Amino acid sequence: MNPSLFSLALEWVIAHGYLMIFLAMILGGPIFISAAAFAAALGYFNVYIVFFLSLIGELGVDILFYLIGYLGRLGVVEKYGRFFGLSPERIIKLENLLHEHVWKTLIAIKLSPFLPAPGFIVVGASKMRFKKFFLVILSIGLPKSLLFTIIGFYFGKAYDLLAKYFSYGQYLIIIVI
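Trainee: Is there a simple way to explain the overall build of the chain in this structure?
Mentor: Check the secondary structure of the chain and you find seven helices and zero strands. In sequence order, the secondary structure elements of the chain are arranged as α-α-α-α-α-α-α. Counted over contacts in the chain with a minimum sequence separation of 6, partners at least 24 positions apart contribute 76%. Carbon and sulfur atoms provide 73% of the accessible area of the chain, an area that totals close to 11,400 Å².

Trainee: Just checking my understanding: could you explain the packing of helix α4 (residues 88-100) against helix α6 (residues 116-125) for this structure?
Mentor: Helix-helix packing is described using two parameters, namely the angle between the two axes and the distance between the axes. α6 packs onto α4 with a crossing angle of 70 degrees between their chain directions and a minimal axis gap of 10 Å. With respect to their mutual orientation, α4 and α6 come out roughly perpendicular. In this structure, α4 crosses over α6, and the sense of that crossing is right-handed. Contacts between α4 and α6 involve Ile91, Leu94, Glu95 and Leu98 on the former and, on the latter, Gly119, Val122, Val123 and Ala125. Of the residues contributing to the contact of α4 with α6, the split by class is six nonpolar, one polar and one charged.

Trainee: Even after reading the chapter, I still don't get α6, so can you show me in this structure?
Mentor: For the α-helix, the turn length of 3.6 residues means that residues three or four positions removed from each other point alike. Along α6, 10 of the 10 residues are buried, which leaves the element largely enclosed by surrounding structure. Just downstream of α6 lies Lys127, where phi reads positive at about 65 degrees.

Trainee: It is not clear to me how the packing of helix α5 (residues 102-111) against α6 should be interpreted in this structure. Could you clarify?
Mentor: Taken N-terminus to C-terminus, the directions of α5 and α6 make an angle of 150 degrees; their axes are 8 Å apart at the nearest point. With respect to the hand of their crossing, α5 and α6 are arranged in left-handed fashion. Across the interface between the two elements, Leu106, Ile109 and Lys110 from α5 touch Pro116, Gly119, Phe120 and Val123 from α6. Its residues assigned to classes, the contact of α5 with α6 comprises five nonpolar, one polar and one charged.

Trainee: What's the story with the confidence of the model for the chain in this structure? I'm lost.
Mentor: Detailed reading of the predicted model is not advised wherever pLDDT is low. Confidence along the chain averages 82 in pLDDT terms, with 88% of residues attaining 70 or more. The spread of mean pLDDT over the elements of the chain runs between helix α1 (residues 3-28), the lowest at 75, and helix α2 (residues 30-41), the highest at 88.

Trainee: What is the right way to look at a nonpolar patch on the surface in this model?
Mentor: Taken together, Leu161, Leu162, Tyr165, Phe166, Tyr168, Tyr171 and Ile174 make up a surface patch of nonpolar side chains, about 860 Å² in accessible area. Turning to its location among the elements, Tyr165 is positioned in helix α7 (residues 130-176).

Trainee: Please explain the pattern of salt bridges as it appears in this structure.
Mentor: Using the criterion set out here, one finds three salt bridges in the structure. The salt bridge partner of Lys110 is Asp62, with a shortest N-O separation of 2.5 Å. Pair noted here: Lys110 is in helix α5 and Asp62 is in helix α3 (residues 47-80), with a separation of 48 residues, a long-range link. Asp62 matches Lys110 in its accessibility class, with the two residues each being buried. Overlapping salt bridges, with partners in common, bring together Glu58, Asp62, Lys110 and Lys144 in one network.

Cut-offs applied
- Residues numbered from 1 in each chain as written.
- Predicted model: local features only at pLDDT ≥ 70, side-chain atom pairs only at ≥ 80, totals over all residues.
- Heavy atoms only, no water.
- Helix = DSSP H or I, 4+ residues; strand = E, 2+ residues; numbered from the N terminus.
- Contact = heavy atoms within 4.5 Å.
- Areas by Shrake-Rupley, 256 points an atom, 1.4 Å probe, with all protein chains shown as cover.
- Axes fitted to C-alpha atoms, helices over the stretch in contact; angles between N-to-C directions.
- Parallel < 35°, antiparallel > 145°, perpendicular 65-115°, else oblique.
- Left-handed = near helix turned anticlockwise from the far one by under 90°.
- Nonpolar A, V, L, I, M, F, W, Y, C, P; charged D, E, K, R; others polar.
- Buried < 20%, exposed > 50% of the residue type's maximum accessible area, 1.4 Å probe, protein only.
- pLDDT = per-residue confidence, 0-100.
- Patch = residues over 30% accessible without salt bridge, like charges linked within 9 Å, V, L, I, M, F, W, Y side chains within 5 Å.
- Salt bridge = Lys/Arg side-chain N within 4 Å of Asp/Glu carboxyl O.

Okay, structure coming up:
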């Protein structure tokens, strides 16, 4: 990748600020959380705002899918579920798992790469209580957001520290030459 393209992209993100970061977090997830925290470590953003946006992004999408299933019930799930690989047998199997093992099922849905959208729609369609759903999603999303924010922030701090030493290395090379 051309470094000038990266710097242009970084300048563009910095110019558009937190809204751009929030949208990227919704679409890209952990990689953008870490990247925003990295930029916060370099002084471009506030790390607390980055963490708050990452948490809202993590929870907001899940709640949206839950509400689509809850309000649309079987109409949405039966009509469009086939596009997500949701056959009636899979829906029944997922609802049974949900009633028997709530925490395990929601953790598996949340942490798998392609399952959250159809999974949370089915969770909503199964009329699971929102309070219970929110509690489980918050207990998964909070540590996840915190982890990726910390990783990005401390990698940014380490980069900032190491960049100073590399600049000293330039002087050493000049002295040696």
